[in-house]
Each structure stands twice: as structure tokens, then as C-alpha cells.
Amino acid sequence: MLHHLSLGVSDIERSAAFYDAALAPLGYVRVWADIRPGEPNQAVGYGVPGGKDKLALKHRPEAQRPPGPGFHIAFAAPDPHAVSEFYRAALRHGGTDNGAPGLRAHYGPRYFAAFVIDLDGHHIEAVCNEDR
């Protein structure tokens, strides 16, 4: 259904470093970048290696605001270990804990997830919901 999703960020270089680190354990990489320090309309895109972007970060320092309660992005993880590594990397790069890695049986018997708030207040999650 979705082609891609874009998030506004206040500092593109700092946010790109955060997402480079947080998404790497999940198998996602920066697939394109348009970073030109000091210029407007900078952006980076993330997806699977060799693929197109599914997440874009757009530099919007003057008007960046995260969506309100109820909105978050859940990234698919290949296994619970990747969920835990996502969480650790995100926290090491300035993210805020919003739910440590663990089984969330109230979402389903195999729903293993971790929740983080990124540098601009966007709520993100890594989840593995497969047979282990």
C-alpha cells in the first residue's frame, strides 16, 4: 500500500547518523543521500541494499514537528537479536528508550519488539513477529 514515508528532521546529518546506526541491524541501509551542508532541501533515503527508499528523512529545521500520539513507524526485523541491536544502537546514538526489547504477548504470541523515540521525537519500533 505505501510507497515510502518521509519524516521531517531538524539536523539532517545527525539524524542520518542515528538512522544509519539504528537501521543497520535490521538490514536497512542508506540507499541515497542529498546532503549539502548549509543548503535547503537536503534529504536521505533508507531501504534494503540495492533497493529504493521506503523511509526518507527531509531536513526541515524551521518547522519540524513529530506527529501526535498514536503515530509511530514499525520496522520489520529478521529476528529478536536484530530488535535488540536496533534498540542498543538507537540509544547509543541519542535515542530515548520507549520500551526495552521483549515479547509483547498482548500484541500476539510471537510479537518481539523494542520502542525508541528518535532525536526529533518520532516514535519508532523494531518488531519481529515470526516463528522463531
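Rules used throughout
Residues numbered from 1 in each chain as written. Predicted model: local features only at pLDDT ≥ 70, side-chain atom pairs only at ≥ 80, totals over all residues. Heavy atoms only, no water. Helix = DSSP H or I, 4+ residues; strand = E, 2+ residues; numbered from the N terminus. Rg over C-alpha atoms; globule rule 2.2 N^0.38 Å. Buried < 20%, exposed > 50% of the residue type's maximum accessible area, 1.4 Å probe, protein only. Contact = heavy atoms within 4.5 Å. Areas by Shrake-Rupley, 256 points an atom, 1.4 Å probe, with all protein chains shown as cover. Lys, Arg positive; Asp, Glu negative; His and termini not counted. Charge placed at Lys NZ, Arg CZ, Asp CG, Glu CD. Pairing = 2+ DSSP bridges. Axes fitted to C-alpha atoms, helices over the stretch in contact; angles between N-to-C directions. Core = buried A, V, L, I, M, F, W, Y, C linked by side-chain atoms within 4.5 Å.

**Comments concerning the overall build of the protein**
Move 1: The secondary structure content of the protein amounts to two helices and eight strands.
Move 2: For a compact globule of 132 residues, the expected C-alpha radius of gyration is about 14 Å, and the protein comes in at 15 Å, within 12% of that figure.
Move 3: Along the three orthogonal principal directions, the C-alpha set of the protein runs to about 45 × 30 × 30 Å.
Move 4: Every one of the 132 residues in the protein was classed for burial, and the buried ones make up 42%.
Move 5: Excluding contacts between residues fewer than 6 apart, the proportion of contacts in the protein whose partners are at least 24 apart in sequence is 53%.
Move 6: When the accessible surface of the protein is totalled, it reaches about 7,100 Å², and 54% of it is carbon and sulfur.
Move 7: Considering the protein, the positive charge centre built from 13 side chains and the negative charge centre built from 15 side chains are found 2 Å apart.

**As for the sheet that holds strand β5 (residues 73-76)**
Move 1: Across the sheet, which stays open at both edges, the four strands sit in the order β5-β8-β7-β6 with mixed pairing between neighbours. The sheet is open, and its two borders are formed by β5 and β6 (96-103), each paired with just one other strand. Here the average twist between neighbouring strands, direction ignored, is 15 degrees.
Move 2: Strand contacts of helix α2 (residues 80-92): β6, β7 (112-117) and β8 (123-128), with the helix running at about 15 degrees to β7, the strand carrying the most contacts.

**Some details on the sheet that holds strand β3 (residues 43-47)**
Move 1: On the basis of which strands lie adjacent, the open sheet formed by four strands has the order β1-β4-β3-β2 and mixed pairing. Since the sheet does not close on itself, it has two edges, and those belong to β1 (5-9) and β2 (29-34), each with one partner. Here the average twist between neighbouring strands, direction ignored, is 20 degrees.
Move 2: Here β1 runs beside strand β4 (residues 55-59); their pairing, made up of five bridges, is parallel. Directly across from Leu5, in β4, lies its bridge partner Leu55.

**Points about the pairing of β3**
Move 1: Counted residue by residue, β3 has five buried out of five residues, so it is predominantly covered.
Move 2: Alternating residues of β3 divide into Ala43, Gly45 and Gly47 and Val44 and Tyr46, and every residue in both groups is buried.
Move 3: In the sheet, β2 pairs with β3 via five bridges, with the strands oriented antiparallel. Counted as the bridge partner of Val29 is Gly47 from β3.

**Details of unusual backbone geometry**
Move 1: Unusually for a residue other than glycine, Asn41 sits at a positive phi of about 60 degrees.
Move 2: In this fold, Asn41 is placed in the loop between β2 and β3.
Move 3: The exposure class of Asn41 is exposed, given its relative accessible area of 53%.

**Some details on the nonpolar core**
Move 1: If you look at the biggest cluster of nonpolar residues, it comprises 28 residues, and the most contacted ones within it are Tyr19, Leu26, Leu55, Leu57, Phe75 and Phe86.
Move 2: Elements with a minimum of two residues in this core: β1, α1 (12-23), β3, β4, β5, α2, β7 and β8.
Move 3: No other element matches the six residues that α1 contributes to this core.
Move 4: If near-sequence neighbours (up to four positions away) are discounted, Leu55 is found in contact with Leu5, Leu7, Tyr19, Leu23, Val44, Gly45, Tyr46, Ile73 and Phe75.

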